[in-house]
Protein chains: 2
Amino acid sequence: MSTPTPALVKAYLLDLQERIVAALEAADGNAFLRDAWERPEGGGGISRLIEEGAVIERGGCNFSHVTGAQLPASAAAHRPGIGGRAWEAMGVSLVLHPRNPYVPTVHMNVRFFSTSTEDGTPVWWFGGGMDLTPYYGNADDARHFHRTCRDALAPFGTDLHARFKKWCDEYFYLKHRREARGVGGIFFDDFNALPFDDSFAMMKNVGDAFLAAYLPILQARKDTPYGERQRDFQAYRRGRYVEFNLVFDRGTLFGLQSGGRTEAILMSMPPVVKWRYDWHPADGTPEAALYTDFLPHRDWLAS
Amino acid sequence: MSTPTPALVKAYLLDLQERIVAALEAADGNAFLRDAWERPEGGGGISRLIEEGAVIERGGCNFSHVTGAQLPASAAAHRPGIGGRAWEAMGVSLVLHPRNPYVPTVHMNVRFFSTSTEDGTPVWWFGGGMDLTPYYGNADDARHFHRTCRDALAPFGTDLHARFKKWCDEYFYLKHRREARGVGGIFFDDFNALPFDDSFAMMKNVGDAFLAAYLPILQARKDTPYGERQRDFQAYRRGRYVEFNLVFDRGTLFGLQSGGRTEAILMSMPPVVKWRYDWHPADGTPEAALYTDFLPHRDWLAS
């Protein structure tokens, strides 16, 4: 197993954030804000965000790198020998809520965790993934997104995409609604099944694939005409995004409970959200098609 | 200790729901919907709710009575001897989100839990409380609300109000914002410090006090003129209500995680909510006064 090099991961993540933000600024025609911050206990981050853009109504692409002198026992529960050891965690996390209801919301995250046991043996893993949350589903878009994810993972093992696709379906699931968050994508965590260099390369391929997976969808749908009905359905469905992130998402809850930077973490919240009692779309409408044709787990690459 | 009589508690709760809904319908001028439901594992409830009312933009007053043959060990952790025993829980829970930003959002809940140990000894407790969440704070309203809560508890012990007021401040606190949810009120749980009849009477006094605590505030503020600025601030602040209920509120999380009726539980969600990055009101504005004069914990009955 090659030696882990957190500094190289950090350099990659900072560059990834720059590239993604530059591409999104070009697509939107408006600049992202930039907020750099430091964490009193160690580390810091750079929040990049946009509100009221031409295409992106609210969104962010955040880099963070947090370090600690002693890993809490709770965080080390699944790996013996690392409790109380110095650690660092870093990642890029992105959520975009487009204005046009025909453009799906998207989430992407790549992250790296590094520590060592008492005898100095490195312990590390990568995590990440991306998933797509349409309001008005489009099968071509779902296929393109999943195909791009599959191609990014292909060099690293023939079974990876199927595993990470299933993991994504399971993770981004609203149990209290018995409903998927969207059409899925890929999700992985605790990944060190390959040597460091290869695991890192896999994470890089995922990060690098984001723009190829999402930008063509955004470009193709951003000028689709819409009215109040579509905006209203989008605001209603965004409620599900809020419910998932605040009730189930481990990253969000860990961040909020551990004194993370609240405003950066809650960049995942949509700009305008509606709740309505026991609402269901009428049969045969495009809104009903989301529930019947897109949210049920499905192998988008089968056909 | 007098013998617990769950049937009497249930009759009281059903009547309380009827009385509150009738008074709110009169105040709004519109009828509440009525949804009765049954729980496959035992029990059921009656949801009463209103959306797009003249005064109440979205709100509900729900009764539920759920029973089980075997109390889960996790639910019995703090009381030895009741794990695996038959149990019942019942309550009335209310949240109102008024349309006018000058009318505070309000929450009220009264609840009863009953089981027994293996030798048949009854084990029971009451819980409940109410708290007020203004957008544009009003000291007279806060004092009236707290005074009504204090008077409801006064016959049952001189220390109760101070304890339950502090408990409310601690419970309805957004740790990730270091911010109270509103101006507080009272909160209690696991209460059986008095014999059953007296504990029940205390809970009844709290339930009965709700209309006296809230209706005069609603009546006094519901016709205050407002514009887009006030509606916008209300929508922004409602985001805090969502964050508290989905991240911290034990009742909401227990309900969602235990297969409760999602749409009834999420009646606490506001109708329209906005999130905005790192927003702060300008100094000296009425919006800033909420943060400086109303949200910090305060003894509203001191002056």
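Above this text sits the structure in question.
Just so it is clear, the model here is predicted, and its values are computed rather than measured.

Q: Explain the interface of chain A and chain B to me, using residue names and the numbers behind them.
A: Chain A puts 30 residues into the contact, and the matching count from chain B is 30 residues. Together, A:E263, A:W275 and A:Y277 form the three largest contributors to the area buried by chain A at its contact with chain B, with a combined 31%. Along the contact surface separating chain A from chain B lie two salt bridges. A salt bridge links A:E263 to B:R177, with the nearest nitrogen and oxygen atoms 2.6 Å apart.

Q: Account for helix α5 (residues 228–248) of chain B, with residues named and values stated.
A: The end-to-end C-alpha distance of α5(B) is 30 Å, a good match for the 30 Å that 21 residues give at a rise of 1.5 Å each. A large share of α5(B) lies buried, amounting to 18 of its 21 residues.

Q: Any details on the nonpolar core? Residues and values, ideally.
A: Within the largest apolar cluster, 60 residues are counted, with the highest numbers of intra-cluster contacts made by A:M130 and A:F210. Top contributing element to this core by residue count: helix α4 (residues 196–221) of chain A, with 13 residues. Ignoring any residue separated from it by four or fewer positions in sequence, one finds A:F210 in contact with A:I20, A:L94, A:L96, A:V106, A:M108, A:M130 and A:L215. Listed in part, the 59 residues of the second largest apolar core include B:V55, B:V183, B:A213 and B:L290.

Q: Lay out the environment of A:D223 with the relevant residues and their values.
A: All names here are of chain A. With respect to the helices, strands and loops of the structure, D223 is situated in the loop between α4 and α5 (228–248). The spatial distance from the C-alpha of D223 to the C-alpha of V103 is 9.1 Å, given a sequence separation of 120 residues. Here the side chain of D223 touches K222 through a polar contact of 3.3 Å, side chain to side chain.

Q: Describe in detail the sheet that holds strand β3 (residues 56–68) of chain A, supporting the description with residues and values.
A: Residues and elements named next belong to chain A. With antiparallel pairing, the seven strands of this open sheet are ordered in space as β1-β2-β3-β4-β5-β6-β9. The strands lining the two open edges of the sheet, one partner per strand, are β1 (33–38) and β9 (184–191). With strand direction ignored, the average angle separating the axes of adjacent strands in the sheet is 5 degrees. Where strand β6 (residues 122–133) meets β9, six bridges bridge the pair, whose relative direction is antiparallel. Residue pairing for β9: G128 is matched across the bridge by F188. Across the sheet, helix α1 (residues 6–28) is in contact with β2 (43–51), β3, β4 (87–98), β5 (105–116) and β6; its angle to β4 comes to roughly 10 degrees.

Q: Requested: an account of the relation of the copies chain A and chain B, with residues and values cited.
A: For these two chains of identical sequence, chain A goes onto chain B by a turn of 180 degrees and a shift of 0.0 Å along the axis, with RMSD 0.0 Å. The transformation just described matches what one would write down for a two-fold rotation axis. No C-alpha of chain A lies nearer the rotation axis than that of A:V273, which sits 2.5 Å from it.

Q: Describe the sheet that holds strand β2 (residues 43–51) of chain B, and please don't skip the residues or the numbers.
A: Working definition: the strands of a sheet are paired by backbone hydrogen bonds and lie parallel or antiparallel to each other. All names here are of chain B. Ordered in space as β1-β2-β3-β4-β5-β6-β9, the seven strands form an open sheet in which the pairing is antiparallel. Looking along the sheet, the strands with just one partner apiece sit at the ends: β1 (33–38) and β9 (184–191). Across the sheet, the mean angle from the axis of one strand to that of its neighbour is 5 degrees, orientation sign disregarded. Relative to β2, β1 is paired through six bridges, and the arrangement is antiparallel. Residue pairing in the sheet places E38 in a bridge with G44 of β2.

Q: How would you summarise the packing of α5(A) against α5(B) if you had to cite specific residues and measurements?
A: Across the interface, α5(A) lies against α5(B) with an axial gap of 8 Å and an inter-helix angle of 50 degrees. The pairing of α5(A) with α5(B) is recorded here as oblique in orientation. In this structure, the crossing between α5(A) and α5(B) has a hand that is right-handed. Residues A:V242, A:E243, A:L246 and A:V247 of α5(A) form the contact with α5(B), whose participating residues are B:V242, B:E243, B:L246 and B:V247.

Q: Describe unusual backbone geometry, naming the residues involved and giving the relevant values.
A: In this model, A:E52 sits at a positive phi of 55 degrees, which is unusual for a non-glycine residue. Secondary-structure assignment places A:E52 in the loop between β2 and β3. Looking at A:E52, the relative accessible area reads 59%, which means it is exposed. Look at B:R178: it is not a glycine, yet its phi comes out positive at around 50 degrees.

Q: Can you lay out the pattern of salt bridges for me, pointing to particular residues and giving the numbers?
A: Residues and elements named next belong to chain A. In total, this model carries 50 salt bridges over all chains according to the counting rule given. Notably, a salt bridge pairs R39 with E41, separated by 3.7 Å at the nearest N-O pair. Residue classification places E41 among the exposed positions, given a relative accessible area of 55%. Here D169 and K165 are joined by a salt bridge, their closest N and O atoms 2.7 Å apart. Of this pair, D169 and K165 both sit in helix α3 (residues 160–171), four residues apart, which is roughly one turn of that helix. When its relative accessible area of 12% is taken as the criterion, K165 is described as buried. Among the ionic contacts, a cluster of salt bridges with common partners joins D15, R19 and D208.

Reading guide: rules and limits
Residues numbered from 1 in each chain as written. Chains lettered and ligands numbered in written order. Predicted model: local features only at pLDDT ≥ 70, side-chain atom pairs only at ≥ 80, totals over all residues. Heavy atoms only, no water. Contact = heavy atoms within 4.5 Å. Buried area = accessible area lost by both parts, 1.4 Å probe. Salt bridge = Lys/Arg side-chain N within 4 Å of Asp/Glu carboxyl O. Helix = DSSP H or I, 4+ residues; strand = E, 2+ residues; numbered from the N terminus. Expected span 1.5 Å × (residues − 1). Buried < 20%, exposed > 50% of the residue type's maximum accessible area, 1.4 Å probe, protein only. Core = buried A, V, L, I, M, F, W, Y, C linked by side-chain atoms within 4.5 Å. Polar contact = N/O pair within 3.5 Å; in protein donor to acceptor, adjacent residues only side chain to side chain. Pairing = 2+ DSSP bridges. Axes fitted to C-alpha atoms, helices over the stretch in contact; angles between N-to-C directions. Least-squares fit on C-alpha atoms with pLDDT ≥ 70 in both. Parallel < 35°, antiparallel > 145°, perpendicular 65-115°, else oblique. Left-handed = near helix turned anticlockwise from the far one by under 90°.

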